[in-house]
Amino acid sequence: MVKFGYTINYVRDVDMALTFFEKAFEMKRRFITDENDYGELDTGETTLAFASHELGLSNFSGGYISSTESDKPLGIEIALVTADISGLHQRAIQYGAVELKSPETKPWGQIVSYIRCPSGILIELCTPIQN
C-alpha cells in the first residue's frame, strides 16, 4: 500500500513560510534545518513541509513554476479544515495572506474561502463535508 506522506512547497524563505502557518493557523513547527532550506510543520499524519527554491532547483535541473513568483496561483491547493472559516480567513489576512474569495456556502452546505499566503501558495479554508 502507498501512503501519502508529504506535501513539500518550494518557497523563497522557509522560515517565513513556517512562521506564517504558525501564526495564522496556530500550527506547530516540527523542525527547520540549520541551513534554513527545509522545514516541516506538525500537521498530523501527512506532513506539510517547505523547501527553499535553491533546494528545489538542485532536485529539478530544468526548473519549475514557482508559486512565489507566479502572478496567478498554481493549479493546486492546500485545504485546511476548520469550523471557523470566517475567523481563520481574517486571521490569515492579518498575517499577510491575500484574499482570493471570501467565505461562501456551497450548494452542498460546505463553507469555503480561498487565500494566497505570502509564499504564494493557494489555500482553501473549508468546513468538513457532511455526508
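Residues numbered from 1 in each chain as written. Predicted model: local features only at pLDDT ≥ 70, side-chain atom pairs only at ≥ 80, totals over all residues. Heavy atoms only, no water.

Going by what an unreviewed UniProt entry lists, the chain is known as VOC family protein and is assigned to Neptunomonas marina.

J.: Tell me about the sheet that holds strand β1 (residues 6–11), and please be specific about residues and values.
T.: Strand order in the open sheet formed by four strands is β1-β4-β3-β2, with mixed pairing between adjacent strands. Each edge of the open sheet is held by one strand with a lone partner, namely β1 and β2 (28–32). Here the average twist between neighbouring strands, direction ignored, is 25 degrees. As paired strands, β2 and strand β3 (residues 38–42) are joined by four bridges and run antiparallel to one another. Looking at the pairing, Lys 28 lines up with Asp 42 of β3. On top of the sheet, helix α1 (residues 14–25) reaches β1, β2, β3 and β4 (47–52); it is set at about 165 degrees to β2, its chief contact. (Pairing = 2+ DSSP bridges. Helix = DSSP H or I, 4+ residues; strand = E, 2+ residues; numbered from the N terminus. Axes fitted to C-alpha atoms, helices over the stretch in contact; angles between N-to-C directions. Contact = heavy atoms within 4.5 Å.)

J.: Just give me the short version of the UniProt feature "domain: VOC" (unreviewed entry) in the chain, but keep the residues and values in it.
T.: Mapped onto this structure's residue numbering, the UniProt feature "domain: VOC" (unreviewed entry) falls at residues 3–128. The span residues 3–128 shows a helical share of 23% and a strand share of 36%, and its end C-alpha atoms are spaced 22 Å apart. (UniProt positions renumbered as here; feature names shortened; annotations may be inferred.)

J.: Outline the nonpolar core, listing residues and values.
T.: Counting residues in hydrophobic clusters, the biggest one holds 23 residues, and the most contacted among them are Phe 20, Phe 21, Phe 25, Phe 50, Ile 123 and Leu 125. Contributions of two or more residues to this core are made by α1, β4, β5 (78–81), α3 (85–94) and β8 (122–126). Residue contributions to this core peak at seven residues, all from α1. Once you skip the residues sitting within four places of it in the chain, Phe 50 turns out to touch Ile 8, Asn 9, Val 11, Val 14, Ala 17, Leu 18, Phe 21, Asp 37, Tyr 38, Gly 39, Leu 41 and Ile 121. (Core = buried A, V, L, I, M, F, W, Y, C linked by side-chain atoms within 4.5 Å. Buried < 20%, exposed > 50% of the residue type's maximum accessible area, 1.4 Å probe, protein only.)

J.: So what's going on with the packing of α1 against α3? Residues and values would help.
T.: Between α1 and α3, the least distance of the axes is 8 Å, while the angle of their chain directions is 140 degrees. By the angle class used here, α1 and α3 are oblique. Remark: the crossing between α1 and α3 carries right-handed chirality. Residues Phe 20, Lys 23, Ala 24 and Phe 25 of α1 touch α3, and the partners they reach there are Leu 88, Arg 91 and Ala 92. Tallied by class, residues from the contact of α1 with α3 come to five nonpolar, no polar and two charged. (Parallel < 35°, antiparallel > 145°, perpendicular 65-115°, else oblique. Left-handed = near helix turned anticlockwise from the far one by under 90°. Nonpolar A, V, L, I, M, F, W, Y, C, P; charged D, E, K, R; others polar.)

J.: Residue-level account of the sheet that holds β8, with values.
T.: In space, the four strands of this open sheet follow the order β5-β8-β7-β6, with mixed pairing throughout. The open sheet has two edge strands with one neighbour each: β5 and β6 (98–105). Adjacent strand axes in the sheet meet at a mean angle of 15 degrees when their direction is disregarded. The sheet contacts of α1 involve β5, β7 (111–116) and β8, and relative to β8 the element is tilted by about 20 degrees.

J.: Got a sec to walk through the packing of aromatic side chains? Specific residues and values, please.
T.: Tallied over the entire structure, the rule returns eight aromatic pairs. Here Tyr 10 and Phe 60 contribute two aromatic rings whose centre-to-centre distance is 6.0 Å and whose plane-to-plane angle is 90 degrees, an arrangement assigned as edge-to-face. Placement of Tyr 10 in strand β1 and of Phe 60 in the loop between α2 (53–59) and β5 is noted, with a sequence separation of 50 residues between them. Residue Tyr 10 is classed as buried on the basis of its relative accessible area, which comes to 18%. (Phe/Tyr/Trp six-rings, centres within 6.5 Å; stacked < 30°, edge-to-face > 60°.)

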